Amino acid sequence: MDDKTLREMIDKAMKRAALRAREKALQTNTPIVIEVDGKVQALPVTAKDVEQYRESIKDAF
């Protein structure tokens, strides 16, 4: 397996993991904690957010 293929596989796996994290946050009514511009933020997750993210990463499946 070449480096480019491995990187693509990792990128897709990270996108799927991020989707699962959003789905779990929605189920448990907890925020997603991310770092933006060096600052940690807790962002609420809605069903619309999850659906939009799922649509944006459909190439990862």
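Residues numbered from 1 in each chain as written. Predicted model: local features only at pLDDT ≥ 70, side-chain atom pairs only at ≥ 80, totals over all residues. Heavy atoms only, no water.

Once that is clear, we can look at the packing of aromatic side chains. Per the counting criterion, the structure on display carries zero aromatic pairs. Between the NZ or CZ atom of Arg22 and the centre of the ring of Tyr53, over which it lies, the distance is 4.0 Å. (Phe/Tyr/Trp six-rings, centres within 6.5 Å; stacked < 30°, edge-to-face > 60°. Lys NZ or Arg CZ within 6 Å of the ring centre and 35° of its normal.)

What follows is about the packing of helix H1 (residues 3–28) against helix H2 (residues 47–56). At their nearest, the axes of H1 and H2 sit 10 Å apart, and the two run at 165 degrees to each other. In terms of orientation, H1 lies roughly antiparallel with respect to H2. Here H1 and H2 pass one another in a crossing that is left-handed. Contacts between H1 and H2 involve Lys15, Ala18, Leu19, Arg22, Glu23 and Leu26 from the former and Ala47, Val50, Tyr53 and Arg54 from the latter. Residue classes in the contact of H1 with H2 are distributed as six nonpolar, no polar and four charged. (Axes fitted to C-alpha atoms, helices over the stretch in contact; angles between N-to-C directions. Helix = DSSP H or I, 4+ residues; strand = E, 2+ residues; numbered from the N terminus. Parallel < 35°, antiparallel > 145°, perpendicular 65-115°, else oblique. Left-handed = near helix turned anticlockwise from the far one by under 90°. Contact = heavy atoms within 4.5 Å. Nonpolar A, V, L, I, M, F, W, Y, C, P; charged D, E, K, R; others polar.)

Right, let's get into the pairing of strand S2 (residues 39–43). Within S2, only zero of the five residues are buried, leaving the element largely exposed. For strand S1 (residues 32–36) and S2, the ladder comprises five bridges, and the chain directions are antiparallel. Within S2, the position partnered with Val33 by the bridge is Ala42. The hairpin turn running from S1 into S2, its antiparallel successor, is two residues long, and Asp37 in that turn takes a positive phi close to 55 degrees. (Buried < 20%, exposed > 50% of the residue type's maximum accessible area, 1.4 Å probe, protein only. Pairing = 2+ DSSP bridges.)

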